[in-house]
Amino acid sequence: MSSGSEKLPEYERPPVSEVVCGVVFAPLTNLLAPHLGILWERYKPGYSDCQEVLPLPMQLEGESDGQATVELLEMPPLPRIWFIEPDGNRLIQIQRERFHHNWRRKSAEDAYPRHEEVLAVFYKRLETFRDFLSGQRLGELHLKQCEMTYVNHITSGDGWDSLAKIGDVFPDFAWQNRSGRTSGIPMGIDWKTVFELPDGMGRLRITIRNATRITDNQPILFFELTARGIGDARTFEEMRSWFEMAHTQIVRTFDDLVNREFQKRIWGRRI
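Let me begin by describing the structure that accompanies this report. Fair warning: this is a prediction, and the values are worked out from it, not measured in the lab. (Residues numbered from 1 in each chain as written. Predicted model: local features only at pLDDT ≥ 70, side-chain atom pairs only at ≥ 80, totals over all residues. Heavy atoms only, no water.)

1. Examining the packing of aromatic side chains
The test is simple: In summary, the pairing rule links any two rings of Phe, Tyr or Trp, Trp by its six-membered ring, whose centres are within 6.5 Å, and it sorts them by plane angle into stacked for under 30 degrees, edge-to-face for over 60 and tilted for everything else. Helix and strand assignments follow DSSP, with helices taken as H or I runs no shorter than four residues and strands as E runs no shorter than two, numbered in order from the N terminus. Buried means the residue's accessible area, taken with a 1.4 Å probe over protein chains only, is under 20% of the maximum for its type, while exposed means over 50%, and partly exposed covers the values in between.
All chains considered together, the criterion is met by 19 aromatic pairs. An angle of 65° between the planes, with centres 5.2 Å apart, marks the rings of Phe122 and Phe243 as edge-to-face. With Phe122 in helix H2 (residues 115-135) and Phe243 in helix H3 (residues 236-257), the pair connects residues that are 121 residues apart, well separated along the chain. For Phe122, a relative accessible area of 0% corresponds to the buried category. Ring centres 4.8 Å apart and planes at 20° place the aromatic pair Phe173 and Trp191 in the stacked group. Of this pair, Phe173 sits in the loop between strand S8 (143-155) and strand S9 (190-196) while Trp191 sits in strand S9, placing them 18 residues apart in sequence. According to the relative accessible area criterion, Phe173 is buried, its value standing at 18%. Taken together, the ring pairs in this structure connect Phe25, Phe99, Phe122, Tyr123, Phe129, Trp242 and Phe243 into an aromatic cluster.

Structure (structure tokens):
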């Protein structure tokens, strides 16, 4: 559903393989590794597995151009901690200046839970983190950026089987296989595009590339849409409005870039 009266497209079989919702905030200088072990006790009833990974940089959308800026932190880095559900579908990511929640399709039978549920779980897990920080007197979250990413896998055989037919999926990026070409069909593609979000709320970054899915070695088109920004969303109520806007823009852009008949035939587009 959109944030306004406009009805957004819906699909019987959406190609979503992962959704990430997150916030970037001013570094929590008092947050130490032992605190993360205490925090895990809050999440462990649902997220019983734990993993350490490398921290992500604080990447913020620039104010005046299409580039994202990277801020360097002066304190020793903590690892990024993953708290993971037993089935692996949901994952919490925490570091000194980031909080993210992922939904991931781990098997073909996993149904995308729709964006209302994805956001509801994200807000609930974020509120647990804020309560923990307050109880441990570790500071408050001062928002610097909101982020939402949708990753889609478009499987070979579902309406395309060669990069020469990329235009059947993405008409704007069609390969013109005209006579006299000496280069042949591309072996790979990697397109990146940036759009402005409404009212100075950030940018929407698009990546389309061919890949091989690790789980089954299936050739896919990897189609990622990432909204990043903040605009005037400095409170947590305004943050919720930002995420609704971001979801709306991601769905609209998905619809705009993918052939409409392809959407109906392959994914069962209903609207």
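2. A few points about the sheet that holds strand S2 (residues 49-53)
Quick note on the threshold: Note on pairing: two strands pair once DSSP finds at least 2 bridges between them. For helices, the fitted line uses only the C-alpha atoms of the stretch in contact; every axis is such a line through C-alpha atoms, and the angle between N-to-C directions lies from 0 to 180 degrees.
Taken in spatial order, the nine strands make up an open sheet running S2-S5-S6-S7-S1-S8-S11-S10-S9, and their pairing is antiparallel. Only two strands of the sheet have a single partner each, and these edge strands are S2 and S9. With direction set aside, neighbouring strand axes in the sheet form an average angle of 15°. Strand direction decides the pairing type here: S8 and strand S11 (residues 219-229), joined by 10 bridges, are antiparallel. By the bridge assignment, Asn152 is partnered in S11 with Phe223.

So far we have only geometry, and geometry alone does not tell us how the molecule works.
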